[in-house]
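# Residue-level structure breakdown
This is what each chain is made of:
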Amino acid sequence: MKINRINAVLNNMKTRGIAQLLISDILSIYYLTGIYLDPGERFYALYLNENGDQKIFLNEMFSVPKEMEIQSVWYNDTQSVTEVVAGHMDVSTVLGIDKSFPARFLIPLQEEKAAAGFVLGSLCVDEARGCKDTEEQALMKEVSHVNDLAMAEFKKLIVPGITEKEFADQMLPIYQRLGAEDYSFEPIVSFGANTADTHHHPEGRVLKEGDCVLIDTGCKKDMYCADMTRTFFYKSVSEKHRAVYETVRKANEAAIAMIKPGIPLKEIDRTARSIIEQAGYGKYFLHRLGHFIGLDVHEYGDVSSSNEMIAKPGMIFSVEPGIYLEGDMGVRIEDLVLVTEDGCIRLNQCSKELEIIARSDMKKPNT
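Read on for an overview of the structure. (Residues numbered from 1 in each chain as written. Predicted model: local features only at pLDDT ≥ 70, side-chain atom pairs only at ≥ 80, totals over all residues. Heavy atoms only, no water.)

### Thoughts on the overall build of the protein chain
A tally of regular secondary structure across the protein chain gives ten helices and 20 strands. Principal-axis analysis of the C-alpha atoms gives the protein chain an extent of 70 × 45 × 35 Å. By residue count, 54% of the 367 residues in the protein chain fall in the buried class. Taking as baseline every contact in the protein chain between residues at least 6 positions apart, the subset at least 24 positions apart corresponds to 66%. Each charge class in the protein chain was averaged separately, 40 positive and 55 negative side chains, and the resulting centres sit 5 Å apart. (Helix = DSSP H or I, 4+ residues; strand = E, 2+ residues; numbered from the N terminus. Buried < 20%, exposed > 50% of the residue type's maximum accessible area, 1.4 Å probe, protein only. Contact = heavy atoms within 4.5 Å. Lys, Arg positive; Asp, Glu negative; His and termini not counted. Charge placed at Lys NZ, Arg CZ, Asp CG, Glu CD.)

Here it is, written out as structure tokens:
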């Protein structure tokens, strides 16, 4: 049990007037209990109550210890899960449920009148997860370090004749050799004009001289996710493309330089966006500046012009300005930052200096 994390959720529940909360998101349950399992189609949830009545609902087919720190409520496939769960709810108060709660279970609970009402209670958990504790910060630093090491290896794949797909197909073994378990998301690898597609799927385009090479990638280690984007150039770079790159880098660095507790997240977005606008590329910055990250690669919270949240110690989010010129090229430079007590630290240490990959000894590896 992660008592401090549970207490943070309970405090958030109190602030919102939610006396009881039913959590179905498997990563949120892991975050609060250290228990991870994939329930498939069966019911699986953590119940928190302001009176200290905490319990977890488990099917007898689940492979977890029978004795746990938290009270466990077991049921089997011959029972009505609705009746089992409803029997443990407080019918006199409203029940909070999270945003991933399956309708196939929620609707029967509502019909059963298991509580006085039902409200969305996701923010009680989401806001707690938004500020990482010291254990999580250490895990995020480690997975980001692995991502740095991997990016150094990925640069070696920028060789004559390689296709985007051939490049992407070689990335997972590199991650695993460096200690990661898996991707945190399917990597984006794009060459030339394809780099203007913000979420391009690697295809058969062959690398050519003068191409921009965009690599947006992340790995997962010990349940936590990394994410980083770097943009390179193959053999040569035009003055126009150099100017685009340097504008994006300036926006990235200016945004990171201002991050500290108390800064509105929308102001961080505005700083980066204004630099790109002043360079004449405002309409080509197509997305928000960043997203929160941790157990999920995209968690609740973002760095956007509409977010009124302020930066707090422990928050970890991406800073990823970009310029995308359709039919020509695109540049994105992405780092993860951790908000500290008096500023922030960058979790990615890969250089952001413009780099032209043009070694004479490069050749396409066997794929």
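### Topic: the environment of Lys220
Its location among the elements puts Lys220 in strand S10 (residues 219–221). The sequence separation of Lys220 and Arg16 amounts to 204 residues, and the corresponding C-alpha distance is 33 Å. Apart from the residues within four sequence positions on either side, Lys220 is in contact with Val143, Ala180, Glu181, Asp182, Tyr183, Ser184, Cys225 and Leu295.

### Focus on the nonpolar core
By size, the foremost hydrophobic cluster in this structure holds 63 residues, and its most contacted members are Val9, Leu48, Phe154 and Phe167. Considering each element in turn, this core owes the most residues, six residues, to helix H6 (residues 134–154). By size, the runner-up hydrophobic cluster in this structure holds 33 residues, among which are Phe233, Met315, Val319 and Met329. (Core = buried A, V, L, I, M, F, W, Y, C linked by side-chain atoms within 4.5 Å.)

### Looking at unusual backbone geometry
Leaving glycine out, the prevailing phi sign among residues is negative, and the prevailing peptide bond configuration is trans. Unusually for a residue other than glycine, Lys113 sits at a positive phi of about 55°. Within the secondary structure, Lys113 is located in the loop between helix H4 (103–111) and strand S6 (117–120). Of note in this structure, Asp222 is not a glycine but carries a positive phi near 50°. Looking at Asp222, the relative accessible area reads 36%, which means it is partly exposed.

### So, the packing of helix H2 (residues 26–33) against helix H5 (residues 122–130)
Think of two packed helices as two axes; the pair is described by the angle between the axes and how far apart they sit. Close contact between H2 and H5 brings their axes to 11 Å; oriented N to C, the two are set at 60°. The pairing of H2 with H5 is recorded here as oblique in orientation. Between H2 and H5 lies a crossing of left-handed hand. Of the residues in H5, those touching H2 at Leu27, Ser28 and Tyr31 are Val125, Ala128 and Arg129. (Axes fitted to C-alpha atoms, helices over the stretch in contact; angles between N-to-C directions. Parallel < 35°, antiparallel > 145°, perpendicular 65-115°, else oblique. Left-handed = near helix turned anticlockwise from the far one by under 90°.)

### Notes on the sheet that holds strand S5 (residues 94–97)
Spatial ordering of the open sheet is given by S4-S3-S2-S1-S5-S6, a layout of six strands whose pairing is mixed. The sheet is open, and its two edges are formed by strand S4 (71–75) and S6, each paired on a single side. Strand-to-strand twist in this sheet, taken as the mean axis angle between neighbours without regard to direction, amounts to 25°. Pairing analysis gives three bridges linking strand S1 (residues 20–23) to S5, with the strands arranged parallel. Bridge assignment links Gln20 to a residue of S5, and that residue is Leu95. (Pairing = 2+ DSSP bridges.)

### Some points on the sheet that holds strand S12 (residues 228–234)
As summarised here, the arrangement of the four strands in space is S8-S9-S12-S20, forming an open sheet in which the pairing is mixed. The open sheet has two edge strands with one neighbour each: strand S8 (188–191) and strand S20 (356–357). Two strands pair when backbone bridges link them, and S8 and strand S9 (residues 212–217) are joined in this way by four bridges, in the antiparallel orientation. Note that in S9 the partner of Ser190 across the bridge is Leu214.

### Things to note about the pairing of strand S18 (residues 335–339)
Of all the five residues making up S18, five are buried; the element is thus mostly covered by neighbouring parts of the structure. In S18, alternate side chains face the same way, and those of Asp335, Val337 and Val339 on one face and Leu336 and Leu338 on the other are all buried. Relative to S18, strand S15 (residues 316–319) is paired through four bridges, and the arrangement is antiparallel. Bridged to Ser318 within S18 is Leu336.

### Some remarks on the packing of aromatic side chains
Counted according to the given criterion, the structure contains eleven aromatic pairs. Ring pairing ties together the aromatic residues Phe43, Phe57, Phe101 and Phe105, which thus form one cluster. Between the NZ or CZ atom of Arg273 and the centre of the ring of Phe285, over which it lies, the distance is 4.0 Å. (Phe/Tyr/Trp six-rings, centres within 6.5 Å; stacked < 30°, edge-to-face > 60°. Lys NZ or Arg CZ within 6 Å of the ring centre and 35° of its normal.)

### As for the pattern of salt bridges
Under the definition given, this model contains 32 salt bridges. For the salt bridge of Glu135 with Arg5, the shortest nitrogen-to-oxygen distance reads 3.5 Å. Of this pair, Glu135 sits in helix H6 while Arg5 sits in helix H1 (residues 3–16), placing them 130 residues apart in sequence. Accessibility expressed as a relative area gives 41% for Glu135, which makes it partly exposed. Between Glu308 and Lys266 there is a salt bridge whose closest N-O contact spans 3.1 Å. Of this pair, Glu308 sits in the loop between strand S14 (299–303) and S15 while Lys266 sits in helix H10 (residues 265–278); the two residues are 42 residues apart in sequence, bridging distant segments of the chain. Assessed through its relative accessible area of 56%, Glu308 is described here as exposed. (Salt bridge = Lys/Arg side-chain N within 4 Å of Asp/Glu carboxyl O.)

Taken by themselves, the reported measurements are silent on function.
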